[in-house]
Amino acid sequence: MCGIFAYLNYNVARDRRFILEILFNGLRRLEYRGYDSAGISIDSSSQSFLSSDSNGHFSNSVPSPLVFRQEGNIESLVRSVYKDVASTELNLEEPFSVHAGIAHTRWATHGEPSPENSHPQTSGAGNEFLVVHNGVITNYEVLKETLIRHEFTFESETDTEVIPKLAKYVFDKANEEGDQTVTFSQVVLEVMRHLEGAYALIFKSRHYPNELIACKRGSPLILGVKELSEDMGTGASFLDLKFISENGHPKEFFLSSDASAVVEHTKKVLVIEDGEVVHLKDGAVSILKFENGKGKRGTELSRPSAVQRALSFLEMEVEQINKGNYEHYMQKEIHEQPESLTTTMRGRLKRGGSCKAKTVLLGGLKDHIKTIRRSRRIVFIGCGTSYNAALAARPIIEELSGVPVTMEIASDLVDRQGPIYREDTAVFVSQSGETADTLLALEYALENGALCVGITNTVGSAIARNTHCGIHINAGCEIGVASTKAYTSQIVVMVMLALAIGDDAISSRARREAIIDGLFDLPNKVREVLKLDQEMKDLAKLLISEQSLLVFGRGYNFATALEGALKVKEVSLMHSEGILAGEMKHGPLALVDENLPNIVIATRDACFSKQQSVIQQLHARKGRLIVMCTKGDAASVCPGGSCRVIEVPQVEDCLQPVVNIIPLQVLSLTIFPLYKLQIVALMIFKLCDLQPVVNIIPLQVLSLTIFPLYKLQIVALMIFKLCATYPEFSRAMHPGMGLLILYSL
């Protein structure tokens, strides 16, 4: 997953510094999508010059675009760009009435993080064609071999580099063979005809100055349009347009992988669909539909017909994408869960009255609910956290619907071409609605005739558009890389789905009403469990020096064990495994000893007594136990105070995973900065080359001094104490090293 962004201003003067900051801020909004390298491309000059080709024909040309690429996060790129600008004396105040800039933040898939492997990728010397790419080109090796035979040389290990080189090849061949000038969109359409895989692409070329082309297949991409009135001096009002006009009014265009990078500029957006090619030129937007069967006609490239699309309004506020007073987006989103759950349920739960039953209304399913009840089976399909959310809801859906429920990891279903029948209901769960493997599974299910239901957090996403019906979880914008509030909202939505499917059964009415009451009270229970924040920080200090963590769950909370372990792996960078407690004797028990920490989820439900047995078995093997239990059960699960206990409020069993996951979310986020401080200590020792000191002061001793989180003064104190205790450390310490390390944090 990567983030791509582009900015084009038309008939509105913007200096180079302004353009750079727009691109940098766009990348900052998308950094959750990739954070190991980044790059941008801007024009080197607003002036064109007269040049001649090999046949002596003269034409207006523009200088080669500037490309800046840097390993590391966005701020590393910013520092690198301004350093390069200063060294080349590039004028940051130079105005551009029209300018097209592109940007990219990368999560490495092909080739390690490095400037050469960063985007934009180029066609070669002169940067004739530049591309930023989100996705994977599966046939890049074949294309690369073909281009090498045509004397192209490759500088990176990426799959993306074949795209701009293929564009140059198509452009050069078209100009050699045809009498007419080839257009930018024709070049891109011909390139698309050769690409296989999932991608969202933005093209920039010196042959087509002040133009951009965007296209996609399977990866998200949106266009934001900001049109200023002719009299910009009257307060910069904006025209309220449904369609993009082709007048000469000043405009700004924004292309982005995610709406979070666009909403601060405009709320007028176009969600680009698969196979569409969006061409920005002269203040106008042309949308072409790519048809794979149409290629060259003789020596000429094909000219597909244009389509017209209406703009939509972005239902998002800038405040939703700001961190506020929180250190991290993930921390903010964890603490937003009482509000996000309330929003998820708003308008969907009916309290009933003295004569009316409590019910659930899901408008997106009302025309299909009877079909779902008659299904041969319900198949939940997802990846990662979304799969875990569906797993948490499976028992209650089976209980209330009476329909068999099966679980499928999207990539595995596609790989083995598992059976999907016309009588099945396939439910696709995805926070973004654009998960590549889930989209492939959706395409497969549609081909097999199943009823397809989407559960997403993104209106207008590919899953929302291509399924027959669905439910929007309304969790709000989630920017943190690790999903938190979307997970809990997904569980709640699937519980409501179970209530809607089972609404016609009189025998389960009391059970359904108890769950609805629990849903109404759930946000308050989540607020209560969020008060364990400090307790989780204390627990994190005990786990900081560990290499592994096992999490045991059962029943509804098997999903909690998987999701909790996933969060620890994903955020804390500590190895952890979620284990079905019923399988403990079949291998995992062999790992247990006095050094390995084990978290057991033993809240009150039908599996409580079995979890008590698991605790006894782990205790008998001197396992380091951390038990999550219902308030008041500490004595039952931990006799004699032999283990650490996390007490959480009790809710209905099917809602307990929502409450139980929150302490584990907080724990995973809390462990990470402690690891960061240990890495700083290791870095100091390595820089000083003091192996004897490393031997004398193992990391376990350092961990005992850790630390109120984010108190960098403590790191300085640690350095000073080491210098006072070990003179050789002080002598080896380079002047200012400690300050440099603190600054790097």
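Residues numbered from 1 in each chain as written. Predicted model: local features only at pLDDT ≥ 70, side-chain atom pairs only at ≥ 80, totals over all residues. Heavy atoms only, no water.

What follows concerns the pattern of salt bridges. Side chains that differ in charge, positive against negative, can pair when their charged atoms come close. Counted under the stated rule, the structure contains 34 salt bridges. The salt bridge partner of Arg-14 is Glu-252, with a shortest N-O separation of 3.0 Å. Of this pair, Arg-14 sits in strand S1 (residues 3–15) while Glu-252 is found in strand S12 (residues 251–256), placing the two residues 238 residues apart along the sequence. Assigned by exposure class, Arg-14 and Glu-252 land together as buried. In this structure, Asp-274 and Lys-216 form a salt bridge, with 2.4 Å as the shortest nitrogen-oxygen distance. Residue Asp-274 is located in the loop between strand S13 (268–271) and strand S14 (276–281), and its partner Lys-216 is located in strand S10 (residues 212–217); the two are separated by 58 residues in the primary sequence. Taking relative accessible area as the criterion, Lys-216 reaches 1% and is therefore assigned buried. Taken together, the shared-partner salt bridges in this structure form one network comprising Glu-399, Arg-511, Glu-652 and Asp-653. (Salt bridge = Lys/Arg side-chain N within 4 Å of Asp/Glu carboxyl O. Helix = DSSP H or I, 4+ residues; strand = E, 2+ residues; numbered from the N terminus. Buried < 20%, exposed > 50% of the residue type's maximum accessible area, 1.4 Å probe, protein only.)

Quick look at the packing of helix H7 (residues 337–345) against helix H13 (residues 485–501) now. Look at H7 against H13: their axes get within 9 Å of each other, and the N-to-C directions meet at 30°. Taken together, the axis directions place H7 and H13 in an arrangement best described as roughly parallel. As for how H7 packs across H13, the hand of that crossing is right-handed. Touching Gln-337, Ser-340, Leu-341, Thr-344 and Met-345 of H7 are Lys-485, Thr-488, Ser-489, Val-492, Val-493 and Met-496, all from H13. Considered class by class, the residues forming the contact of H7 with H13 number 5 nonpolar, 5 polar and 1 charged. (Axes fitted to C-alpha atoms, helices over the stretch in contact; angles between N-to-C directions. Parallel < 35°, antiparallel > 145°, perpendicular 65-115°, else oblique. Left-handed = near helix turned anticlockwise from the far one by under 90°. Contact = heavy atoms within 4.5 Å. Nonpolar A, V, L, I, M, F, W, Y, C, P; charged D, E, K, R; others polar.)

On to the confidence of the model for the chain, then. The predicted model of the chain has a mean per-residue pLDDT of 84, with 83% of residues at 70 or higher. Counted against residues more than four places away or in other chains, residues 230–241, with its pLDDT under 50, gives 17 contacts. Long-range and interchain partners of residues 689–694, a stretch whose pLDDT sits below 50, account for 7 contacts in this model, where long-range means more than four residues apart. (pLDDT = per-residue confidence, 0-100.)

It is worth spelling out the side chain of Asp-605 at this point. You can see Asp-605 is positioned in the loop between strand S27 (597–602) and helix H17 (608–620). For the buried residue Asp-605, which engages in no salt bridge, the nearest side chain bearing the opposite charge is Arg-554, 8.3 Å off. Among the polar contacts made by the side chain of Asp-605, one reaches the main-chain amide nitrogen of Cys-607 at a distance of 2.8 Å. Not counting chain neighbours up to four residues away, the residues in contact with Asp-605 comprise Asn-557 and Asp-653. (Lys, Arg positive; Asp, Glu negative; His and termini not counted. Polar contact = N/O pair within 3.5 Å; in protein donor to acceptor, adjacent residues only side chain to side chain.)

The subject of this paragraph is helix H1 (residues 16–30). Helix length check: H1, at 15 residues, gives a terminal C-alpha distance of 21 Å against a target of 21 Å (1.5 Å per residue), a fit within 8%. Every buried residue belonging to H1 is among Arg-16, Ile-19, Leu-20, Ile-22, Leu-23, Phe-24, Gly-26, Leu-27, Arg-29 and Leu-30, and all of these are buried. At the N-terminal boundary of H1, the capping side chain belongs to Asp-15, with an oxygen 3.2 Å from the backbone nitrogen of Arg-17. (Expected span 1.5 Å × (residues − 1).)

On the surface, a cluster of negative charge is made up of Glu-71, Glu-112, Glu-116, Glu-155 and Glu-157. Relative to the helices and strands, Glu-116 is located in the loop between strand S6 (95–106) and strand S7 (121–122). (Patch = residues over 30% accessible without salt bridge, like charges linked within 9 Å, V, L, I, M, F, W, Y side chains within 5 Å. Areas by Shrake-Rupley, 256 points an atom, 1.4 Å probe, with all protein chains shown as cover. Charge placed at Lys NZ, Arg CZ, Asp CG, Glu CD.)

As a further point, take the state of the cysteines. Under the criterion given, the structure shown has 1 disulfide. Residue pairing for Cys-638: its cysteine sulfur links by disulfide to Cys-643, the two sulfurs lying 2.4 Å apart. Accessibility classification places Cys-638 together with Cys-643 in one group, the buried group. (Disulfide = S-S within 2.5 Å.)

This part takes up the packing of aromatic side chains. What the rule picks out here adds up to 7 aromatic pairs. Considering the side-chain rings of Phe-24 and Tyr-82, the 5.9 Å spacing of their centres and the 65° angle between planes classify their relative orientation as edge-to-face. Of this pair, Phe-24 sits in helix H1 while Tyr-82 is found in helix H2 (residues 74–88), placing the two residues 58 residues apart along the sequence. Relative to Phe-171, the ring of Phe-129 has its centre 5.6 Å away and its plane inclined at 65°; by these criteria the two rings are edge-to-face. Note that Phe-129 is positioned in strand S8 (residues 129–137) and Phe-171 in helix H4 (residues 162–177), a separation of 42 residues in sequence. Overall, Phe-129 belongs to the buried group, its relative accessible area being 1%. Chaining the aromatic ring pairs together yields one cluster made of Phe-129, Phe-171, Phe-184 and Tyr-208. (Phe/Tyr/Trp six-rings, centres within 6.5 Å; stacked < 30°, edge-to-face > 60°.)

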